[in-house]
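Analysis of the macromolecular model
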Amino acid sequence: MNDRWFAIGAFSGSPFERHADTLFDRAAPDRQAFVQTDVFYAASDDPSLGDLPGHLLLLHEPLPDDRLAALLEPFPGRDLLSRTGHDIVNLFAPLADHQYLSAQTIAHRIERGTRLGQQLNLAGHLLQGELPTEGCLTVTEFLRQAAAAAAQSGIVPAVEQRKEKPFATMSERLAVTLLRELTANWRMHSRGDERIIVDGAARTVTFTNRADYRFPFGRVKAVLRRPYQKFGNTEGNGLGLFLIALIAHTGGFSWDIASDGSSFSLSLFFGA
């Protein structure tokens, strides 16, 4: 797992220079570099705050890495509502000319719109702390749930057990929601070879699949956890990994993803 999966930015010449991974010229900021930046330090009265991208977590005092990670995991971005509105319009506006659309296109749009509503509802419950976290499933029970969720999508993943040793995972309610997002990701993006790898000694569960898309940035987890990130395949709403991040934050476990252009993996870490 990456100990430091996020990056910090600040303006050149500001008091926060020494805390930043990337410094930005206030007069001509590098917009591409902002994609690779997650936290931005600036004074509360800085006149340039309003020009910063909405995905940035803006802070006015330095914090240790563990505090920053805990703040970032459930952070949906300051532009969540505006981006949600943008996506809703893009989904449903074409239906105004439904007479020109195929029945398949209409059904697909409605399905995506319904799923968007379900995902936003889930995000709301998670952000409001309303889902139960007690009564954690054992890893065996979690695997049984994973197999059932995958089967509903027509997928039969290979399961590999390493150093079999029982450990607790998450509550059943959180497991159901996480596995729904994970199997939807497999259904839309996987190119086959789905696997679940369980390491009892490390207390980890890793989901892998073949993938043919290479993401155009280095820190995959940091960028893809942001809401509405869509690359390569636009069938989804771009909320799956954001929801997985919220579930991990709520359930008290860690997660990471990796991609090398030929495979994609999501790892869950359940502690010592």
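Residues numbered from 1 in each chain as written. Predicted model: local features only at pLDDT ≥ 70, side-chain atom pairs only at ≥ 80, totals over all residues. Heavy atoms only, no water.

Describing the pattern of salt bridges
Counted only if it meets this: In the sections that follow, a salt bridge refers to a side-chain nitrogen of Lys or Arg positioned within 4 Å of a carboxyl oxygen of Asp or Glu. Each helix is a run of DSSP H or I of at least 4 residues and each strand a run of E of at least 2, with the numbering of both proceeding from the N terminus. Using a 1.4 Å probe on the protein chains alone, a residue whose accessible area is under 20% of its type maximum counts as buried, one over 50% counts as exposed, and one in between counts as partly exposed.
Within the structure shown, the criterion is met by 11 salt bridges. As a salt-bridge pair, Arg219 and Asp38 come within 2.8 Å of each other at their nearest N and O atoms. A residue pair is termed long-range when its members are at least 10 positions apart, and Arg219 in the loop between strand E9 (204-210) and helix H7 (220-224) and Asp38 in the loop between helix H1 (31-35) and strand E3 (39-41) qualify at 181 residues. A single burial state applies to Arg219 and to Asp38, both of which are buried. With its nearest N and O atoms 2.7 Å apart, the salt bridge here joins Arg115 to Glu181.

Observations regarding the pairing of E9
This is how it is decided: DSSP calls a pair of strands paired once it identifies at least 2 bridges connecting them.
Within E9, 6 of the 7 residues are buried, which leaves it mostly tucked inside the rest of the structure. Where strand E8 (residues 195-199) lies against E9, 5 bridges are found, and the strand directions are antiparallel. Its bridge partner being in E9, Ile197 is matched across the sheet by Thr206. Linking two consecutive strands that pair antiparallel, namely E8 and E9, is a turn of 4 residues; a positive phi of about 55° is found at Arg203 within it. Note that E9 and strand E11 (residues 263-269) share 7 bridges and pair antiparallel. Bridge pairing in E11 places Arg210 opposite Ser263.

A closer look at the packing of helix H3 (residues 80-92) against helix H4 (residues 103-127)
Formally: Whenever a helix is involved, its axis is fitted only over the stretch in contact; in every case the axis is a line through C-alpha atoms, and angles between N-to-C directions fall within 0 to 180 degrees. Working rule for angles: under 35 degrees goes down as roughly parallel, over 145 as roughly antiparallel, 65 to 115 as roughly perpendicular, anything else as oblique. Left-handed describes a crossing whose near helix is turned anticlockwise from the far helix by less than a right angle; the clockwise case is right-handed. Contacts are assigned to residue pairs that have any heavy atoms within 4.5 Å of one another. Think of it as three bins: nonpolar holds Ala, Val, Leu, Ile, Met, Phe, Trp, Tyr, Cys and Pro, charged holds Asp, Glu, Lys and Arg, and polar takes everything else, Gly as well.
With their axes 9 Å apart at the nearest point, H3 and H4 run at an angle of 160° to one another. Classified by the angle their axes make, H3 and H4 are roughly antiparallel. Crossing angle aside, the handedness with which H3 passes H4 is left-handed. Across from Thr84, Ile88, Asn90, Leu91 and Phe92 in H3, the residues of H4 making contact are Arg109, Arg112, Gly113, Leu116 and Leu120. Broken down by class, the residue content of the contact of H3 with H4 amounts to 5 nonpolar, 3 polar and 2 charged.

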